[in-house]
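# Examination of the molecular architecture
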Amino acid sequence: MVDPKTADQALQQYIRPQSFPIAIRMLKPGEPIPERAKRPARDFKKLSMNCQVIDMARRYGWMIALTREDHICSLGITALGFDKPTHLYNSGTLCEGMYTETADAGQRSEAAVDKFGYGEYYCLLVCPLDRATFEPHLVVVYANPAQVMRLTQAALWKRGGKLASSFGGRISCSETIVTTMKTEEPQVILPCSGDRIFGQTQDHEMAFTIPWHRMAEIIEGLEGTHKGGIRYPITQFMEYEAKMPPKYMEVNKLWEVQAGKSQYTPRDHVVAAYKRTFTDRVPVYPIVASFAGCLDGLSIEEYCTDPQKAIKAQLNYFERYQPDVVLAYNDLAKEAEAVGCGVKYSDYVVPSIATHVLQDDKGKLAKLSIPDPKSAGRLPAFLEMCEGLMAAKLPTATGAVLVGPWTIAMLMRNPEMLLLDTFEDPAFIHELMRFATDYCKVFGDEALKTKIGLSFSEPTASISLISPDNYREFIAPYHKELVDYFKAKKAGLTTHICGTTYPIYEDLIQAGFTTLSIDLDQQSDPKLHVDQLKRLKEVAKKRVVVIGNVDATLFERATKEEIEAEVRRCVESAARDSAFILSTSCEIPPRSKPEVVGWFLEAARDYGRYDRLMG
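Read on for an overview of the structure. (Residues numbered from 1 in each chain as written. Predicted model: local features only at pLDDT ≥ 70, side-chain atom pairs only at ≥ 80, totals over all residues. Heavy atoms only, no water.)

### Digging into the environment of Ala376
Its location among the elements puts Ala376 in the loop between β9 (352-355) and α17 (379-391). With 65 residues separating them in the primary sequence, Ala376 and Lys441 have C-alpha atoms 15 Å apart. (Helix = DSSP H or I, 4+ residues; strand = E, 2+ residues; numbered from the N terminus.)

Here it is in structure tokens:
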């Protein structure tokens, strides 16, 4: 038979309980109480209870003897047989209204409580196991669920099977002491409310009781299961590769790139900007449409009307310059042309509207239908361009440039006349904006089917042409409607506006655009010019991704130093906190100098390095 100290050492080694394992002995009449045992009534001048003295012993290390004279809990007194069950107890009224709905249910609960016979024992003796000077009837270990599991496994080491324990949620001292002694089997104990209130057992604690005659077997089970690989603290599987937070992994990726073991794709740079984080440098691209065709020797009209040539031109442009974004972009006249406007082409500038379908008779609007993107004008050719660029699976971000509702409306009516309508016929403007917004939805839906990104260009929404109040009255509601429509389809929208825009930055952000592409301020007085890029970054506070704004007009004539200066201006104004893509203030001219485009990208990849910026 194992002795108490050896048993305690085994429990400490294999279970590591936070409080002392407790030895419990029930003293029969005539059996003496050890002299050093504390008596609650005598020594504390207070009455106590079963759970309370067990917890005092396991936390304070005291030996305590509890007799009828020391006891206050009628339920514990009855369970240990220190007094006769009364009719109050047997009636079920002690449960009724607290633990059971009715007295009948209470009677069944009381009858289920294991009890010693009246007078069978007269004293509960408890103390830490390693200090026991007596042979225990049982050992109780308060522990967490994992520790109780280990004890359960140990109890089944030799015999197998399962342990049988029952729970009443009250009078757990009966289950701890009486049930264990009567069954002579280990018990898993769920401490009751009284044990938690008066014994101050914590929420994470359970208990496990061991009949003393089974102690050696339990120790053998702890040793055997320990050798078998079952341990406490629980051995956790560690041979895995952790999934770290994405921002942590970005650091690892950067190290790999710096070491030459990996590289960023152009798309990686753009995605980082949208995630408000960083790669090694600022993402960059010039806004390119007909310039790509001119590089391939195409006329502007060929590029804008032949989708296969346009696709090839954009792919060749990408191979030459490796920008981070490639655009399905021909011109901004296609939507108005498809609804009845005339288009004129040039060898030097982008296509423009020659005739406006509503210029002479705005009443024609009532007779117009939204064009079918699959058959009207050059709309099918543009969708073919979107499909072709997406099929190429470029390692870039790829976006489609469509025309926004205000610009469609202006081109249909004539810009000068629509501005007069803001004073003379605002109802017509809203009618026209309704048509144009629905047109944008229909065409945008078809473009979105190719899985390309969406941008609705609004060059004429500039405060260089209209007032901020005009924007808020005639444009903002339709922009928000368009954004919300595509947001419901899980597609964010970009918009580009030419000229002066800083007075409506907050309005554009509130409309919900994911990305704002901005031009240079075009106020006539140079003293009033605003650095719109710096202003937008200050206003946006990373609520939108900002694109801009190297002067696009420089690409026909600039020196390398001028381009580098513009790049530095933009990078220093906007790049430090991410949510920024370096680009041009507008579409670069079709006849831009190829070497200037190269200088722009070279400067961006040099001055746009984050180690230089934040270094």
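Having seen it, we continue.
### Focus: the environment of Tyr232
Among the secondary structure elements, Tyr232 is positioned in the loop between α10 (215-227) and α11 (246-258). Along the chain, Tyr232 and Met149 lie 83 residues apart, while their C-alpha atoms are 9.7 Å from each other. Non-local contacts of Tyr232, meaning those with residues more than four positions away in its chain, are made with Tyr14, Ile15, Arg16, Asn144, Ala146, Gln147 and Arg150. A distance of 2.9 Å separates the side chain of Tyr232 from the side chain of Asn144, its partner in a polar contact. (Contact = heavy atoms within 4.5 Å. Polar contact = N/O pair within 3.5 Å; in protein donor to acceptor, adjacent residues only side chain to side chain.)

### Some words on α11
For α11, spanning 13 residues, the distance from its first C-alpha to its last is 18 Å, which sits close to the expected 18 Å at 1.5 Å a residue. Within two residues after α11, Gly260 carries a phi angle of roughly 80°, on the positive side. (Expected span 1.5 Å × (residues − 1).)

### Here we look at helix α18 (residues 405-413)
For α18, the tally of buried residues reaches nine of nine residues, placing the bulk of the element in the interior. Looking only at α18, the buried set comprises Pro405, Trp406, Thr407, Ile408, Ala409, Met410, Leu411, Met412 and Arg413. In the segment just after α18, Asn414 is the residue with positive phi, at about 110°. (Buried < 20%, exposed > 50% of the residue type's maximum accessible area, 1.4 Å probe, protein only.)

### Quick look at the nonpolar core
Membership of the largest hydrophobic core comes to 121 residues, with the highest contact counts inside it found for Tyr303, Trp406, Met412, Val567, Phe580, Leu582 and Phe600. Per-element accounting of this core gives the leading share, eleven residues, to helix α20 (residues 426-448). Ignoring anything within four residues of it in the chain, the contact list for Phe600 reads Val284, Tyr285, Pro286, Val550, Phe555, Ile563, Val567, Leu582, Ser583 and Thr584. Core analysis: the second largest hydrophobic core is formed by 32 residues, Ile15, Leu151, Ala155 and Met215 among them. (Core = buried A, V, L, I, M, F, W, Y, C linked by side-chain atoms within 4.5 Å.)

### A few points about the pattern of salt bridges
In this structure the tally under the stated criterion is 38 salt bridges. Here Asp55 makes a salt bridge to Arg59, at a shortest N to O gap of 3.6 Å. Taken together, the residues Asp55 and Arg59, both in helix α3 (residues 50-60) and four residues apart, mark about one turn of the helix. For Arg59, a relative accessible area of 39% puts it in the partly exposed group. Here Arg159 ties to Glu217 by a salt bridge, and the two come within 2.9 Å at their closest N and O atoms. A residue pair is termed long-range when its members are at least 10 positions apart, and Arg159 in the loop between α7 (145-155) and α8 (172-183) and Glu217 in helix α10 qualify at 58 residues. By relative accessible area, which is 15% here, Glu217 ends up buried. One connected set of salt bridges, linked through shared partners, spans Asp55, Arg58, Arg59 and Glu205. (Salt bridge = Lys/Arg side-chain N within 4 Å of Asp/Glu carboxyl O.)

### Considerations on the packing of aromatic side chains
Using the criterion set out here, one finds twelve aromatic pairs in the structure. Summarising the aromatic geometry, the rings of Phe291 and Tyr321 are spaced 6.5 Å apart at their centres and angled 40° between planes, so their arrangement reads as tilted. Of this pair, Phe291 sits in helix α13 (residues 290-295) while Tyr321 is found in helix α15 (residues 307-321), placing the two residues 30 residues apart along the sequence. A relative accessible area of 1% places Phe291 in the buried class. Here the aromatic residues Phe44, Tyr60 and Trp62 are joined through ring pairs into a cluster of three or more. Between Lys38 and the ring centre of Trp62, over which it is positioned, the NZ or CZ distance is 5.0 Å. One residue, Arg568, lies across the ring of Tyr607, its end atom 5.0 Å from the ring centre. (Phe/Tyr/Trp six-rings, centres within 6.5 Å; stacked < 30°, edge-to-face > 60°. Lys NZ or Arg CZ within 6 Å of the ring centre and 35° of its normal.)

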